[in-house]
Amino acid sequence: MKLTTLKALSLLCCSPLALAQSQILLLQQDEQGQPEVLAVSERGTYSNQPAISKDGVYYSYEIGTDKQAQKEIFFYDFATQGRRNISNTPAYSEYSPTLVPGLNALSVVVPGLNALSAVVVEPDGSQKLWYYPLGESAPSTRILDNGLTIGYHAWGARQDLLVFALGEPHSAQYFTLAEPENIHHVADNPGRGFSYNPALGAFTFTQQLKQQNWFSTFAPDTKTVTQLFRLPQGVQDYTWVKEDTIAYAYGGRVYQKQLQSPKAASLWHDLSGYCKGNITRLSYLPEGDKLAFVCED
């Protein structure tokens, strides 16, 4: 595979929980159908939390100096290879960009997938969910405030959410937009990986349980948590490849694991030639077979 470095890109990015130098890379097929790796951000910057879509990659990044750093949500466009600031909020910092699925029942959002939610660090230091309409002139607005300090989140199928709530200990909490004050405690010590699987009708997340990392599901109808299988120590990020298959990284290699298979995970991509450190967050797009991933030094 070849590595292509994009010019004039010096973007930084961060997590609300940890900071480290990182680089967002993109694995895709070139015009001859051969795999290539594009450098979405330059080495030595801090870029993180990619969320891939059919049009490009949303991600959080940091600009400014160490003393006056600002975290913003940017978008990298596949068609133009350009990028733009879609939050542009000098008073706030934003993290965890997530596409909002089909919230057309709410008057403040755009129908379908034409919306983005993000975690915003407000002036008082709290972290709340805000909404950013895409392709619209409407301003960003706070989605809700039910008292939780939120780090990461995933949208369900019925205007419901599973969120990473900061606290002692950190926890996974579930609620709906219709009744945001009715909060259901799901689990303690979750990892960063939160998602929703329509085929399962369940949220999925990583968690640490009895000093082991687990890939777990939460069924909102029954409020049932199920530990499906253990993950390698230190692994808390994953992405869906198929409705029954996830991918996660260990070191510089990416593995696939079927949810119901008793077999060990299989090697999917060896990207150690492009990432000498550890691959963490992943975001996969089946259309075009594109994989955005974070390499941390």
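Our subject is the structure that appears above.
Residues numbered from 1 in each chain as written. Predicted model: local features only at pLDDT ≥ 70, side-chain atom pairs only at ≥ 80, totals over all residues. Heavy atoms only, no water.

Caption draft 1: Just the overall build of the protein, in detail. What the protein contains, in helices and strands, is zero helices and 25 strands. By residue count, 52% of the 297 residues in the protein fall in the buried class. Of the contacts formed within the protein by residues at least 6 apart in sequence, a portion of 44% connects residues at least 24 apart. For the protein, the accessible surface area stands at approximately 13,800 Å², while carbon and sulfur atoms represent 47% of it. (Helix = DSSP H or I, 4+ residues; strand = E, 2+ residues; numbered from the N terminus. Buried < 20%, exposed > 50% of the residue type's maximum accessible area, 1.4 Å probe, protein only. Contact = heavy atoms within 4.5 Å. Areas by Shrake-Rupley, 256 points an atom, 1.4 Å probe, with all protein chains shown as cover.)

Caption draft 2: Inspection of the sheet that holds strand E14 (residues 171-176) at higher detail. An order of E12-E13-E14-E15 is seen for the four strands of this open sheet, with the pairing classed as antiparallel. With one partner strand each, in any of the chains shown, strand E12 (150-155) and strand E15 (184-188) form the two edges of the open sheet. Ignoring which end each strand starts from, the neighbouring axes of this sheet average 25 degrees apart. Sheet analysis places E14 next to E15, joined by four bridges and oriented antiparallel. Residue serine 171 lies in a different strand from E15, and its bridge partner there is aspartate 188. (Pairing = 2+ DSSP bridges. Axes fitted to C-alpha atoms, helices over the stretch in contact; angles between N-to-C directions.)

Caption draft 3: Expanded view of the state of the cysteines. Per the counting criterion, the structure on display carries one disulfide. A sulfur-sulfur separation of 2.1 Å characterises the disulfide bridge that pairs cysteine 275 with cysteine 295. On the sign convention where negative means left-handed, the S-S torsion of about 90 degrees between cysteine 275 and cysteine 295 marks this disulfide as right-handed. Here the residue cysteine 275 occupies a position in the loop between strand E23 (266-270) and strand E24 (278-285), and cysteine 295 occupies one in strand E25 (residues 290-296), the gap between them amounting to 20 residues. An identical accessibility class is assigned to cysteine 275 and cysteine 295; each is buried. (Disulfide = S-S within 2.5 Å.)

Caption draft 4: Molecular detail of the packing of aromatic side chains. All chains considered together, the criterion is met by 16 aromatic pairs. Ring plane angle 80 degrees and centroid distance 6.2 Å describe the contact between tyrosine 76 and phenylalanine 78, whose orientation is recorded as edge-to-face. Between phenylalanine 215 and tryptophan 240 the ring centres are 6.1 Å apart and the planes differ by 75 degrees, which places this aromatic pair in the edge-to-face class. Within this pair, whereas phenylalanine 215 is found in strand E18 (residues 212-219), its partner tryptophan 240 is found in strand E20 (residues 239-242), the two being separated by 25 residues in sequence. Taking relative accessible area as the criterion, phenylalanine 215 reaches 0% and is therefore assigned buried. Counting every residue linked through ring pairs, the aromatic cluster contains Tyr152, Phe164, Phe194 and Phe205. The ring of phenylalanine 229 carries the charged tip of lysine 257 above its face, separated from the ring centre by 5.3 Å. (Phe/Tyr/Trp six-rings, centres within 6.5 Å; stacked < 30°, edge-to-face > 60°. Lys NZ or Arg CZ within 6 Å of the ring centre and 35° of its normal.)

Caption draft 5: Here's a closer look at unusual backbone geometry. At the junction of glutamate 168 and proline 169, the peptide bond is cis and its omega measures out at 0 degrees in the coordinates. Within the fold, proline 169 resides in the loop between strand E13 (160-165) and E14. Despite not being glycine, glutamine 81 has its phi angle at roughly 55 degrees, a positive value.

Caption draft 6: Summary view of the nonpolar core. Judged by nonpolar contacts, the single largest core of 17 residues is most densely connected at Leu25, Val37, Val254, Leu271, Ile279, Leu282 and Phe293. Broken down by secondary-structure element, the contributors of at least two residues to this core are strand E2 (22-29), strand E3 (35-39), strand E21 (245-250), E24 and E25. Once you skip the residues sitting within four places of it in the chain, leucine 282 turns out to touch Tyr238, Thr239, Ala247, Tyr248, Ala249, Val254, Leu291, Ala292 and Phe293. With 15 residues, the next largest nonpolar core counts Val119, Leu129, Leu144 and Leu161 among its residues. (Core = buried A, V, L, I, M, F, W, Y, C linked by side-chain atoms within 4.5 Å.)

Caption draft 7: How the structure looks around the environment of alanine 165. Mapping alanine 165 onto the fold places it in strand E13. Separated by 17 residues in the primary sequence, alanine 165 and leucine 148 place their C-alpha atoms 6.1 Å from one another. In this structure alanine 165 touches Leu148, Thr149, His170, Ser171 and Gln173, once residues within four positions along its chain are discounted.

Caption draft 8: Representation of the pairing of E24. Most of E24 is tucked away: seven of the eight residues are buried. One ladder, built from six bridges, connects E24 with E25; its direction is antiparallel. Across the sheet, the residue bridging to leucine 282 is phenylalanine 293, located in E25. The hairpin formed by E24 and E25 contains four residues between the paired strands, and glycine 288 there has a positive phi angle of roughly 90 degrees.

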